[in-house]
Amino acid sequence: MAVFQALPRTPENCYLVIEAKRFGAGVEGALGQGKGYVEALGVPRDVVVTDGIRYRMYAGSSQFEPVAYANLAWLKRSAGALFARMQRP
């Protein structure tokens, strides 16, 4: 899924790519597909991978380094970083 901050839906207006896997599948192996979508856009964008419970964000501007994580079943204070980064710029 591509999340846009404005219309038209152009690569420049995309600010986040989300790759969703089936429930319980985990998020560790999903980055490759998300990176492929960002590479197709041609502009660096963050990628969030999720299985509906676990969410991991990777920074597109720094070679997809992991930058935030949240597990909705075991929510910790550090999950706030993920939700803050996902907010519309």
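Parameters and conventions
- Residues numbered from 1 in each chain as written.
- Predicted model: local features only at pLDDT ≥ 70, side-chain atom pairs only at ≥ 80, totals over all residues.
- Heavy atoms only, no water.
- Pairing = 2+ DSSP bridges.
- Helix = DSSP H or I, 4+ residues; strand = E, 2+ residues; numbered from the N terminus.
- Core = buried A, V, L, I, M, F, W, Y, C linked by side-chain atoms within 4.5 Å.
- Buried < 20%, exposed > 50% of the residue type's maximum accessible area, 1.4 Å probe, protein only.
- Contact = heavy atoms within 4.5 Å.

> Can you help me understand the pairing of strand E5 (residues 65-71) in this one?
Regular strands place their side chains on alternate faces of the sheet. Bridge count for strand E4 (residues 54-59) against E5 is six bridges, and the pairing is antiparallel. Within E5, the residue paired with Tyr 58 across the bridge is Pro 66. From the end of E4 to the start of E5, which pair antiparallel, there are five residues, and Gln 63 there has a positive phi angle of about 55°.

> Explain the nonpolar core here, please?
Most often, soluble globular proteins have nonpolar side chains that are buried together. Among the nonpolar cores identified, the biggest contains ten residues, and these are Cys 14, Val 17, Val 27, Ala 30, Leu 31, Val 38, Val 47, Val 49, Tyr 58 and Phe 64. At the level of secondary structure, the elements contributing two or more residues to this core comprise strand E2 (14-20), helix H1 (31-41) and strand E3 (46-50). Look past the residues within four positions of Phe 64 in its chain and what remains in contact with it is Leu 31, Lys 35, Val 38, Arg 45, Val 47, Tyr 58 and Ala 59.

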